[in-house]
Every structure is written in C-alpha cells, then in structure tokens.
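# What the coordinates show
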Amino acid sequence: PSRFDDDDFLGLKFEYLSDVTYDGGGENVEEARRVVDAVEEHIRNRPHLSLGVGTFGRSQQRVIQDLIEERRRQNPALEPFFNRGGEESFFVTHLERVQGDDRDVIFIRVTYGPDAHGQINPNFGPITGDNGWRRLHVPTTPANNQCRAIASSVAEDNAPRGNGPHR
C-alpha cells in the first residue's frame, strides 16, 4: 500500500489490542467491536476514502457484519458512507474473497490471540496451512493507501514457549 512515505496515514499500519483476550471459537467479539470502532472512525475522519475489511474466516466476517449493522441502527449519520454503492462500496469479507476488491484502505482483522491464561493456539486458520503466506498476501494487495492490521497478538505471542502464560 502506497509508495509514498511523506504521510503518517499511508502504508502498512499495525494496531495492537493489548487488552483484548481471545475468547475462542474463531470469533473474538471484543476485537470485532474494536474493528467496528475503527470503521466508524474512518467514516468520520476520511469518508471520501473507500474502505474494506478482510477477516481470516467466515465466522469472523459474520460477527463484524452483525456489529456494523447494529452500529448503523444506533447511528443513522453513518448511512451515507454505506449507501454510496458502486465499485468502491464498503465490504467485509474473508481472505478467500477479498482479492480484486481494491479500496483506498483495507483493515485486516486477525482475531486469534492469547486466551485468558496467556496461551495462544498456533492454528491461525487458513494462513497456517500450505501456502498460507499467499492467503495472507491477498488482503494486503488491494489497499491503495493504507493497510491496517488490527490484532490482539504480536509476533512474540506466537513464538514457541514453555508451559504457562507468556504475555
């Protein structure tokens, strides 16, 4: 995303949600709420830029879609952004479907992170399988200006560790 480096907005960004605990089940509702907060922030601050959200799975996609629908009912002022339609309309989709959907900004929702005991499951869905790197590459390439990964884990959480909490 973006070949320019003279603007803090442009490029690849990482937002670490250090206070979010993965609740299992492949959904992480608290992280999804924070993604929806970021969507609303984007609409308020940069409504002229198109936006898409990529997730690592369909269940994560559904959680975000449901929370966005709830937010839209709570705040009708957001509707013009969602109703502009066309090729640049807002979307939430999973990794398998985001390819070819260029947007000015793409948020990538990671979902997986340490549980209440500080343990992390090493299975991050489709990206941990064969050619997972290709699947991870897919949601980053359609971002024209910014790609923002939002996660409740950092690389250190995923390193092999001994037993017990490691946060």
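Quick caveat: nothing in here was measured; it's all calculated off a predicted structure.

Next up on the list: the overall build of the protein. Each helix and strand counted, the protein has 5 helices and 5 strands in total. In the protein, the succession of helices and strands from N to C terminus is β-α-β-α-α-β-β-α-β-α. Sequence-distant contacts, at least 24 apart, represent 79% of the contacts inside the protein between residues at least 6 apart. Split by element, the accessible area of the protein, about 9,100 Å² in all, is 45% carbon and sulfur.

In the predicted model, the protein carries a mean pLDDT of 78, and the fraction of residues at 70 or more is 68%. Contacts for the low-pLDDT stretch residues 159-167, under 50 throughout, to residues beyond four places or in other chains number 17 contacts.

Moving on, we get to the packing of helix H1 (residues 29-45) against helix H2 (residues 58-74). Axis separation between H1 and H2 bottoms out at 9 Å; the angle between their running directions is 50°. Considering their axes alone, H1 and H2 lie oblique with respect to each other. Of the two elements, H1 crosses H2, and the hand of that crossing is right-handed. Taken together, the residues of H2 that come into contact with H1 (itself represented by Val-29, Ala-32, Arg-33, Val-35, Val-36, Asp-37, Val-39 and Glu-40) are Val-63, Ile-64, Leu-67, Ile-68 and Arg-71. The residue makeup of the contact of H1 with H2, split by class, is 9 nonpolar, no polar and 4 charged.

On to the sheet that holds strand S1 (residues 11-16), then. The parallel open sheet is built from 5 strands, whose spatial order is S1-S5-S4-S2-S3. Strands at the two margins of the open sheet, each flanked by one partner only, are S1 and strand S3 (91-94). Within the sheet, the average angular offset between the axes of one strand and its neighbour, ignoring direction, is 20°. With 6 bridges joining them, S1 and strand S5 (residues 143-151) adopt parallel strand pairing.

Let us now look at the pairing of strand S4 (residues 103-109). By the criterion of burial, S4 is predominantly enclosed, with 7 of the 7 residues buried. Across 5 bridges, the pairing between strand S2 (residues 51-55) and S4 is parallel. Considered in S4, the bridge of Val-53 is made with Phe-107. Two elements, S4 and S5, share 6 bridges in a ladder whose sense is parallel.

Quick look at the environment of Phe-14 now. Structurally, Phe-14 can be placed in strand S1. The class for Phe-14 is partly exposed, based on a relative accessible area of 49%.

Let's shift gears to the environment of Glu-79. Looking at where Glu-79 falls in the secondary structure, it is placed in helix H3 (residues 79-82). On the basis of relative accessible area, Glu-79 is assigned to the partly exposed category, the value being 21%. The sequence separation of Glu-79 and Ile-43 amounts to 36 residues, and the corresponding C-alpha distance is 9.8 Å.

Next up on the list: the nonpolar core. By size, the foremost hydrophobic cluster in this structure holds 25 residues, and its most contacted members are Val-39, Val-53, Ile-64, Ile-68, Phe-82, Phe-90 and Phe-107. Going through the elements one at a time, H1, S2, H2, H3 and S4 are the ones with two or more residues in this core. Here this core gets 6 residues from one element, more than from any other, and that element is H1. Excluding residues that lie within four positions of it along the chain, Phe-107 makes contacts with Ala-38, Val-39, His-42, Leu-51, Gly-52, Val-53, Gly-54, Gln-146, Arg-148 and Ile-150. Counting 9 residues, the second largest nonpolar core, distinct from the first, contains Phe-56, Ile-106, Ala-143 and Cys-147.

Conventions and cut-offs
Residues numbered from 1 in each chain as written. Predicted model: local features only at pLDDT ≥ 70, side-chain atom pairs only at ≥ 80, totals over all residues. Heavy atoms only, no water. Helix = DSSP H or I, 4+ residues; strand = E, 2+ residues; numbered from the N terminus. Contact = heavy atoms within 4.5 Å. Areas by Shrake-Rupley, 256 points an atom, 1.4 Å probe, with all protein chains shown as cover. pLDDT = per-residue confidence, 0-100. Axes fitted to C-alpha atoms, helices over the stretch in contact; angles between N-to-C directions. Parallel < 35°, antiparallel > 145°, perpendicular 65-115°, else oblique. Left-handed = near helix turned anticlockwise from the far one by under 90°. Nonpolar A, V, L, I, M, F, W, Y, C, P; charged D, E, K, R; others polar. Pairing = 2+ DSSP bridges. Buried < 20%, exposed > 50% of the residue type's maximum accessible area, 1.4 Å probe, protein only. Core = buried A, V, L, I, M, F, W, Y, C linked by side-chain atoms within 4.5 Å.

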